[in-house]
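Structure assessment
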Amino acid sequence: MSETILSTELDNPEETKAGCHLCGRLNDQRVLLDSLPADIAALLKANADAAGDLAQICASCAELFSRAKAQIDSHNIVFDQTDHVLPTPLRMNADERFTGRGVTIAFLDSGFYAHDDLTRPENRIVAYHSIFDAEDDRTSLETTDVASWHGMMTSVVAAGNGYLSQGFYRGIAPDAKVALVKVGRTGHIPDEHIVSGLEWVLENSKKYDIRIVNISAGGDFEQSYLDSPLCQMVERAVHEGLIVVCAVGNAGMARGHPVLPPANSPSAISVGGLDDQNSLDRARRGMYRSSYGPTIDGLQKPEIIAPGIWVAAPILPATPTADEAHLCSELDAAADDSLRTIIDSHAGVDKDFDEARDLPIPLLRQLITIKLREGNVISQHYKYVDGTSFASPIVASIAACILEANPALNPQQVKRILIDTAERVPGIQVERQGWGVVAPRKALEIALATGGRN
């Protein structure tokens, strides 16, 4: 909301002594309804008592409904068919006969957390390695360090079983095992760190039966794969039998929209982002702001795309974000007469709720909805995220199902199956989407009918 709206006051000081015509609060800073944009004024009127005189409101109400209007504008299409984020297997029309059983996926990322969706009822984390710790101390998987967020989300998006959602928000490979390789701390992960992680995976691939590597990180700068040690390591890994899946990055709106190492490696399966608007209607498919080629070497990247927005992912427990999500979810499910008691019992968790606890119930409900949307909250355990960092593990999970269906396939065959069965999005340039949206059910049909290694 503009500063002009926030600072507008009534000319008549006597008017400010009365309560806000909407919430009843006393506040010297008031806004004339006629001074607001027409769409915000209309939203205010729709939430007012029909018998009331809504000539002026307090600045807090003006801000609240400006935020509400922003959420309506950004979410009305996405949530017009359903009021919740759809789980990935449903959106991708996955074949639920195959769940990644018998396949291990390695994740290279900044850090990890042993989330319940990976460890209960069975712990499927078969290995943990940190390039910064020779001891590979697994107790770090129990800490809620800020660096744990990203890798926790990528691994659960691919292989989570939805334990904390009764199986609803699971990945496409909920029975796959995972090897977690920490290659960063916070911020940018240098190419040399990713190389070190890949070296460990290659050295231990037989020990842990690792067949797939997901890399949702990189790179230092744009360069030819011929000059990049990281790309050369990716080529070696694929040559030695590993399927390497890489996120292309989120620079689709930037000048040159560069695809950086390792995603510009010829043998990698490089993944861009689809925006399906949280819908099963294929006519609504569009593009996320993914990076795209051709690369310096003239290669088509990405080869395929997968959902890069509205993706359900776990919230790191015991963090302020988790506390806020828990409060929002509890309030959303509570009866009207319990709202203020719940806010009081969570004092200090969220400033907005602390300040709004005495609002009329309809306005409290409006605030709850705003906070859920602003925080991308699905429930106390999950939120929706965006980025090709999450499109990539979706493809890695599909590759795990392909290998479950046909363990004899080599990396080149799996890549060819994914490309051959992808579905083009009409009206989108080939450069941005490659061969199109990954289609797991079609891919599995081809995998089952394909012969073994060459």
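Structure report, in brief. (Residues numbered from 1 in each chain as written. Predicted model: local features only at pLDDT ≥ 70, side-chain atom pairs only at ≥ 80, totals over all residues. Heavy atoms only, no water.)

Here we take up the nonpolar core. Counting residues in hydrophobic clusters, the biggest one holds 103 residues, and the most contacted among them are I57, I212, I304, V395, I402 and L418. With residues up to four places along the chain from it excluded, the contact list for I402 reads L409, V414, I417, L418, A443, L444 and A447. (Core = buried A, V, L, I, M, F, W, Y, C linked by side-chain atoms within 4.5 Å. Buried < 20%, exposed > 50% of the residue type's maximum accessible area, 1.4 Å probe, protein only. Contact = heavy atoms within 4.5 Å.)

For N161, the position within the fold is in the loop between α6 (148–159) and β5 (177–182). A polar side-chain atom of N161 sits 2.8 Å from the main-chain carbonyl oxygen of R120. Ignoring anything within four residues of it in the chain, the contact list for N161 reads D116, D117, R120, P121, R124, G167, R170 and P174. (Helix = DSSP H or I, 4+ residues; strand = E, 2+ residues; numbered from the N terminus. Polar contact = N/O pair within 3.5 Å; in protein donor to acceptor, adjacent residues only side chain to side chain.)

Next up on the list: the packing of aromatic side chains. Under the criterion given, the structure shown has 4 aromatic pairs. When the ring of F168 is compared with that of Y169, the centres are 4.8 Å apart and the planes differ by 85°; the resulting orientation is edge-to-face. Classification of Y169 as buried rests on a relative accessible area of 10%. With centroids separated by 6.0 Å and ring planes inclined at 25°, the aromatic side chains of W200 and Y208 adopt a geometry described as stacked. On the basis of relative accessibility, which here comes to 10%, the residue W200 falls in the buried class. Ring pairing ties together the aromatic residues F168, Y169 and Y382, which thus form one cluster. The ring of F132 has R185 lying over it, and the distance from NZ or CZ to the ring centre is 3.8 Å. (Phe/Tyr/Trp six-rings, centres within 6.5 Å; stacked < 30°, edge-to-face > 60°. Lys NZ or Arg CZ within 6 Å of the ring centre and 35° of its normal.)

Let us now look at unusual backbone geometry. Here the amide bond leading from G293 into P294 is cis, since omega sits at 10°, within 30 degrees of zero. By the element assignment, P294 lies in the loop between β9 (286–287) and β10 (304–307). Between K301 and P302 the backbone carries a cis peptide bond, its omega angle lying at 0°. By the element assignment, P302 lies in the loop between β9 and β10. Phi at D209 takes a positive value of approximately 55°, unusual for a residue other than glycine. Along the chain, D209 falls in the loop between α7 (191–208) and β6 (210–215). Since its relative accessible area comes to 40%, D209 is described here as partly exposed. Positive phi, close to 35°, is recorded for H257, a residue that is not glycine. Mapped onto the elements of the fold, H257 is located in the loop between β7 (243–247) and β8 (269–275).

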